[in-house]
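Summary of the model geometry
The primary structure of each chain is shown beneath.
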Amino acid sequence: MLITAVEPRRKAMCALYIDGEYVMNLDARTVIENRFDVGREIDDEELHEIIRLSNERRAKEKALWLISYRDHSKKELTDKIKRTCDGESAEKAVERMEELGLVNDENFARRYAEQLLFSKHNAPRGAVRQLVQKGIDRELAEEIIEEIDFDPCDGIRAVIDRKYKNINDEKIRRRAVAALQRLGYGWDDIKTVLREYTEED
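Everything numeric here is computed off the predicted structure, so don't read it as measured data.

Among the 6 residues that make up strand E2 (residues 13-18), 6 are buried, leaving the element largely enclosed by the rest of the structure. Neither face of E2 is left uncovered, since the one carrying Met13, Ala15 and Tyr17 and the one carrying Cys14, Leu16 and Ile18 both have all their residues buried. Bridging between strand E1 (residues 3-9) and E2 involves 6 bridges; their strand directions are antiparallel. Paired with isoleucine 3 across the strands is isoleucine 18, a residue of E2. Connecting the antiparallel pair E1 and E2 is a turn made up of 3 residues, with lysine 11 showing a positive phi of about 60°. In this structure, E2 lies alongside strand E3 (residues 21-27), joined through 6 bridges in antiparallel fashion.

The structure is reproduced here in structure tokens:
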């Protein structure tokens, strides 16, 4: 098989042509480093190897780009990389990030748990559910949430004060109760806080 053209593409990619036909886009640096120049003869093994190397580099670059914006759990990061790279390359890239200390599920879970409880106003049960969806082990998620000093009634008040000003209006009250239950709050805590708002009137 003869490389007949290597053409630049967007996002640091290049198009590889073999025997006059387009084959695929590859990572440009991988192509250059492996001297995949026009006029070079290659076999199937070499082609498969450069595809693997290109995928692995792209997966690592995607991983670094994603974690430069915010923390991710291992599962979340792997799933996002799989949208543009193959599964094996994605998993290898995330393992490498973990080795470098750039991905740590426990650290991620602690930071995200605080955010879920105090910024997003989830109930502890709802926060555990969200952490598990991000790929955190349920036991670890429950342990972390339990360690955080959080009063569910404070969370309920925060949601009501921010979103449901006219809580004594029947329609708004029903909407608030449904929203609070979706966030994982139990009826007993919701009822206790609602009683406070009724008493205020």
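Put simply, the largest pocket is a space of about 400 Å³. Forming the walls of the largest pocket are 13 residues, and the residues nearest its centre are Lys11, Met13, Arg58, Glu61 and Lys62. Of all the elements in the fold, those that place two or more residues in the lining of the largest pocket are E3 and helix H2 (44-69). No other element matches H2, which puts 4 residues into the lining of the largest pocket. Taken together, the residues of the lining of the largest pocket break down into 4 nonpolar, 2 polar and 7 charged.

The bulk of non-glycine residues show a negative phi, and the bulk of peptide bonds are trans. In this structure, arginine 35 is a non-glycine residue whose phi angle is positive, near 50°. The topology assignment puts arginine 35 in the loop between helix H1 (28-33) and H2. For arginine 35, a relative accessible area of 61% corresponds to the exposed category. With a phi angle near 60°, histidine 121 is a residue other than glycine that sits in the positive phi range. Residue placement: histidine 121 occurs in the loop between helix H5 (105-118) and helix H6 (124-133). Overall, the relative accessible area of 12% leaves histidine 121 in the buried class.

Our next topic: the packing of H2 against helix H3 (residues 74-81). One can describe the packing of H2 onto H3 by two numbers: an axis separation of 10 Å at closest approach and a directional angle of 125°. The pairing of H2 with H3 is recorded here as oblique in orientation. For the element pair H2 and H3, the recorded crossing hand is right-handed. Here Ala59, Lys62, Ala63, Leu66 and Ile67 of H2 lie close against H3, whose contacting residues are Leu77, Lys80 and Ile81. In terms of residue class, the contact of H2 with H3 is made up of 6 nonpolar, no polar and 2 charged.

A word on the sheet that holds E2. Strand order in the open sheet formed by 3 strands is E1-E2-E3, and the pairing between neighbours is antiparallel. The open sheet is flanked by E1 and E3, the only strands paired with a single partner. The average undirected angle you get between the axes of adjacent strands in this sheet is 25°. Of the strands in this sheet, E2 and E3 touch H2, which is tilted by about 40° from E3.

When two helices pack together, their arrangement is given by the angle between their axes and by how far apart the axes lie. The interhelical angle for the contact between H3 and helix H4 (residues 87-99), taken along N-to-C directions, is 140°, at an axis separation of 9 Å. What the angle tells us is that H3 and H4 run oblique. Once H3 is placed against H4, the crossing between them reads as right-handed. Between H3 and H4, the residues in contact are Lys74, Leu77, Thr78 and Ile81 and Ala90, Glu91, Val94, Met97 and Glu98, respectively. For the contact of H3 with H4, the class distribution of residues is 5 nonpolar, 1 polar and 3 charged.

Quick notes on the rules
- Throughout this document, residue positions are counted from 1 along each chain, in the order its sequence is written.
- Predicted model: local features are reported for residues with pLDDT of at least 70 only, side-chain atom pairs are reported and counted for 80 or more only, and whole-chain, interface and lining totals are derived from all residues.
- Side-chain figures throughout are based on the complete set of non-hydrogen atoms in the structure, without hydrogens or water.
- The buried label goes to any residue with under 20% of its type's maximum accessible area, the exposed label to any with over 50%, and the partly exposed label to all in between, with areas taken from a 1.4 Å probe on protein chains only.
- Secondary structure is summarised from DSSP: a helix means a run of H or I of at least four residues, a strand means a run of E of at least two, and numbering begins at the N terminus for each.
- Strands are labelled as partners when DSSP assigns at least two bridges between them.
- Detection works on a 1 Å grid of protein atoms alone, calling trapped sets that fit a 1.4 Å probe cavities and calling open sets with protein on both sides within 12 Å along at least five of seven lines pockets, with lining residues defined by an atom within 4 Å of a point.
- Grid points are joined across faces, edges and corners, and a volume is the space filled by probe spheres set on the points.
- Only Asp, Glu, Lys and Arg are considered charged, only Ala, Val, Leu, Ile, Met, Phe, Trp, Tyr, Cys and Pro nonpolar, and every remaining residue, Gly among them, polar.
- Note on method: axes are straight lines fitted to C-alpha atoms, helices fitted across the in-contact stretch only, with angles between N-to-C directions ranging 0 to 180 degrees.
- An angle below 35 degrees is read as roughly parallel, one above 145 as roughly antiparallel, one from 65 to 115 as roughly perpendicular, and any other as oblique.
- Whether a crossing is left-handed or right-handed is set by the direction in which the near helix is turned from the far one by less than a right angle, anticlockwise for left-handed and clockwise for right-handed.
- Contacts are residue-level and defined by heavy atoms, with any inter-residue pair within 4.5 Å sufficient.

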